[in-house]
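# Coordinates in review
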Amino acid sequence: MSHVLVVDDDPVIADLVAFRLGRLGLEISVESDGEAGLAAARQLRPDLVVLDWMMPRMNGLEVCSALRSDPDRVLARTPVLLLTAKAQEPDLERGFAAGATDFVAKPFSTRELISRVTAALPPGSIPA
C-alpha cells in the first residue's frame, strides 16, 4: 500500500484530501505545518507528499527544497505535489525550481487531485 503524506495548515483541506485519497486505499498521514511535515517525511518515507505552499514555521517551498537535498537520496526522489493558491506562471517556476513534481491550484477539484496523485505514484500503487 502506498503512503501519502498530506501537509496543509488548513484542517478542512487536509481532512478533505486525506479522506478522498484514503478512499483510494492509500495510507495517509497528515501534518499541519512545514516543520512537522518535514520531520514526518524523514520518519515515514512516504511514496508521495501533498504539500501546501503557504504554511507557518516552514513554507512548502522550503520543505520541498529540504526533501530534494535529503542526504540518503530517498526523499530526493519522492514525488511532491504542491497544493496551492499560488499558481501564476512565476509561482510555477519557483515551485518547479524547488523540486515540485506537479501542482494543483486551490480551489481544486478532487477529481483533478486524484488524477494527479495517480499520475505521480508508480503504476499499481493504488489498489484496484
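For clarity, every value in this text was computed on a predicted model and none was experimentally measured. (Residues numbered from 1 in each chain as written. Predicted model: local features only at pLDDT ≥ 70, side-chain atom pairs only at ≥ 80, totals over all residues. Heavy atoms only, no water.)

## Thoughts on the nonpolar core
Here is the rule: Take the buried residues of types Ala, Val, Leu, Ile, Met, Phe, Trp, Tyr and Cys, join any two whose side-chain atoms come within 4.5 Å, and each joined set is a nonpolar core. With a 1.4 Å probe rolled over the protein chains alone, any residue whose accessible area is under 20% of its type maximum counts as buried; one over 50% counts as exposed, and the rest are partly exposed. Secondary structure is summarised from DSSP: a helix means a run of H or I of at least four residues, a strand means a run of E of at least two, and numbering begins at the N terminus for each. The contact definition used throughout considers only heavy atoms, calling two residues in contact when any of these lie within 4.5 Å.
Core analysis: the biggest nonpolar cluster contains 21 residues, and V49, L51, L67 and L82 have the highest contact counts within it. Those elements that place two or more of their residues in this core are β1 (3–7), α2 (34–44), β3 (48–52), α3 (60–68) and β4 (80–84). Here this core takes five residues from α3, the largest share from any one element. In this structure, V49 is in contact with L5, V7, L67, T78, P79, V80 and L81, ignoring residues within four places of it in sequence. L21, V50, L81 and L83 belong to the second-largest nonpolar core, a separate cluster that totals 17 residues.

## Regarding the UniProt feature "domain: Response regulatory" (unreviewed entry) in the chain
Convention followed: UniProt positions are given in the numbering used here, feature names are shortened, and annotations may be inferred rather than shown by experiment.
Within this numbering scheme, the UniProt entry marks residues 3–121 as carrying the feature "domain: Response regulatory" (unreviewed entry). Along residues 3–121, the helical share is 45% and the strand share 20%, with 10 Å between the first and last C-alpha atoms.

## Notes on helix α4 (residues 89–98)
What counts here: What the arc describes is the spread of directions from the helix axis to the C-beta atoms.
Those residues of α4 lying buried are D91, G95 and A98. The buried residues of α4 occupy an angular sector of 65° when the element is viewed end-on, so they sit on one face. Every exposed residue of α4 that faces more than 90 degrees away from the buried side is listed here: E89 and A97. Just beyond α4, the residue with positive phi is G99, at close to 115°.

## Quick look at the pattern of salt bridges
For clarity, the cut-off: Every case where a carboxyl oxygen of Asp or Glu lies within 4 Å of a side-chain nitrogen of Lys or Arg is listed as a salt bridge.
This model, assessed by the stated rule, comprises eight salt bridges. Between D52 and K106 there is a salt bridge, with the nearest N and O atoms lying 3.2 Å from each other. Of the two residues, D52 is situated in strand β3 and K106 in the loop between β5 (102–105) and α5 (110–120); the sequence distance between them amounts to 54 residues. Judged by relative accessible area, D52 falls into the buried class, the value being 3%.

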